[in-house]
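# Per-entry structural report
One-letter residues, chain by chain:
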Amino acid sequence: GGTGGALQVLCAGDMAAMKGAQSAEPAGSVAKTLVDLLGEQVEEEIQRTFAETQLLSDLEMQNALNAARKNATREQLRGLKATLDALLEHNENAPEIERIPREEIVLDRELRDSIIKDGDQRVLATQTKIRRDNTVKDLMAKRIKELAWDSMSVHGAKLLSFTTAQTVHNFPIRVPTEQEKLAIEKVRAMRRIEISMTKAQKKELGMSNSLIELAVADTAAGGDAAARVAEAAEGVLQGETAEDPDEVWIRNQDDPCLYHRFEVSTRERKTSQIIMLEDCITRAKQSFNTLFDDFMKRKVVVLGKIEEKNLRIVEIQEELGSNEELFDARLNDEEQPDRVLIVEDSDVKVEKWVSKEEIRRRQEEEEAAKKKGEGEDAADRALMGMMGGTLAGESK
């Protein structure tokens, strides 16, 4: 033993010292740990009162009785389970007229009703949660569709080659906003007014040679349009024609409202020129997309012809007993941008839960299709038996 919470290991020669230390310890140390001669930890014997001892004895007796009752109850439940299993097996093996449906074999109807009620409540709570989550997802999907899909007048697509890796992309075009439409209309109207005022000033004050000189200088860059403007300008200088070179230049532009590049000097003209050039680019994209759609329609027609020929080749292969691989030509998903909004059953990798109503509806559809197929098969067999599978008469 030791003092101050310290432990000391004592040998046989120190027994007298140990006895002296034990006699010096206080009598109230109940939970104190002692060390015997072999160095093993032992608990000091706890002194209990008579009432405590009697209470512990009663508890031990009660636990023993409860254990016996539990064992007896378990054995009784095992016997009842064996009897119920035997009855269920006998019911399954009984004739159909004597067989009782499984849902009618109930031992505790109150417990069954309670379980069903609890299950219905859990199902209702789960359905409510799923509906709420689906509503949130639908709102998010609707918002994304409005921003990324509905805002485009032309969606991005590819035109793939049949045999090579060549691809042609179209130009995705965004739907112009009302503000953009008003801006282009305003700029065009102001530009038309400016052109009309310039023509009126030329009639009153005479023609200026500034634009003619610029057009003549443009011939150094080459181009048919520059050459035509230069010819018209030289004709005006020599008095051969009265055609205005400004009108000649405007007539050769994609947009007659565009400024000449040397006329874009002020901030207002630069802004107007940018807006009109953006509109010219959009119209050029639309023109290309028209050609793209035309070629896509041609490809669809060709694919239809290939499918018809493949069907005929399959019939010939069945007659010859051949099984050669056919050229499978079909539109790719990248050629059909609308397919991104369609979810196929193959896209869902998890097992789909089907309700009883859905199962019943599918069974009715299958039965209707089966009846319809039997009628068609009967007509085909009659045609094959009477006329050899064709409506054309035999040639003599």
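Source: prediction; values computed, not measured. (Residues numbered from 1 in each chain as written. Predicted model: local features only at pLDDT ≥ 70, side-chain atom pairs only at ≥ 80, totals over all residues. Heavy atoms only, no water.)

## What to know about the overall build of the protein chain
Rules: What counts as a helix is a DSSP run of H or I of at least four residues, what counts as a strand is a run of E of at least two, and both are numbered from the N terminus. Each residue gets one of three labels from its accessible area relative to the maximum for its type: buried under 20%, exposed over 50%, partly exposed in between, using a 1.4 Å probe on protein chains only. Contact between two residues is taken to exist if any of their heavy atoms lie within 4.5 Å; hydrogens are not considered. Residue-level accessible areas treat just the shown protein chains as cover; the underlying method is Shrake-Rupley with a 1.4 Å probe.
Within the protein chain one finds 9 helices and 6 strands. Burial status across the protein chain gives 14% buried among its 396 residues. A fraction of 48% describes how many contacts in the protein chain between residues 6 or more apart in sequence connect residues 24 or more apart. Surface accessibility of the protein chain: about 32300 Å² in total, with carbon and sulfur atoms responsible for 56%.

## Looking at the packing of helix H4 (residues 178-205) against helix H8 (residues 267-320)
Any two packed helices are characterised by how steeply their axes cross, that is the angle between the axes, and by the distance between the axes. What counts here: A fitted line through C-alpha atoms serves as each axis, taken over the contacting stretch for helices, and the angle formed by two N-to-C directions is quoted from 0 to 180°. Left-handed describes a crossing in which the near helix is turned anticlockwise from the far one by less than a right angle; the clockwise case is right-handed. As a working rule, the residues Ala, Val, Leu, Ile, Met, Phe, Trp, Tyr, Cys and Pro are called nonpolar, Asp, Glu, Lys and Arg charged, and the rest polar, with Gly in that last group.
It is the contact of H4 with H8, at a shortest axis distance of 10 Å, that shows an interaxial angle of 115°. As for the relative orientation of H4 and H8, their crossing is left-handed in sense. Contacts between H4 and H8 involve Ile 184, Val 187, Arg 188 and Glu 194 from the former and Arg 269, Ser 272, Ile 275, Met 276, Asp 279 and Arg 283 from the latter. Split by residue class, the contact of H4 with H8 holds 4 nonpolar, 1 polar and 5 charged.

## Some thoughts on the nonpolar core
Rules: Grouping buried Ala, Val, Leu, Ile, Met, Phe, Trp, Tyr and Cys residues that are joined through side-chain atoms within 4.5 Å yields what is termed a nonpolar core.
One finds Ile 184, Val 187, Cys 257, Leu 258, Tyr 259, Met 276 and Cys 280 forming the largest nonpolar core, which totals 7 residues. Contributions of two or more residues to this core are made by H4 and H8.

## Some thoughts on a nonpolar patch on the surface
Filter applied, for reference: Here a patch means residues that are over 30% exposed by relative accessible area and free of salt bridges, tied together within 9 Å if like-charged and within 5 Å if nonpolar (Val, Leu, Ile, Met, Phe, Trp, Tyr). The term salt bridge refers to a pairing of a side-chain nitrogen on Lys or Arg with a carboxyl oxygen on Asp or Glu at a separation within 4 Å.
On the surface, Leu 55, Leu 56 and Leu 59 cluster together to form a nonpolar patch covering roughly 270 Å² of accessible area. Structurally, the position occupied by Leu 56 is in helix H2 (residues 50-93). Residue Leu 56 is classed as partly exposed on the basis of its relative accessible area, which comes to 37%.

## A short note on H8
Quick note on the threshold: In this analysis, the expected span of each helix is defined as 1.5 Å times one less than the number of residues it contains.
Helix length check: H8, at 54 residues, gives a terminal C-alpha distance of 78 Å against a target of 80 Å (1.5 Å per residue), a fit within 8%. All of the buried residues along H8 are Ser 272, Gln 273, Met 276, Cys 280, Asn 289, Phe 292, Met 296, Lys 299, Leu 303, Ile 306, Asn 310 and Gln 317. Contacts made by the buried residues of H8 are with strand S3 (152-154), strand S4 (158-160), strand S5 (167-169), strand S6 (173-174) and H4. Note on H8: the residue one or two positions beyond its end, Gly 321, has a positive phi of about 75°.

The values are spatial; any link to function lies outside them.
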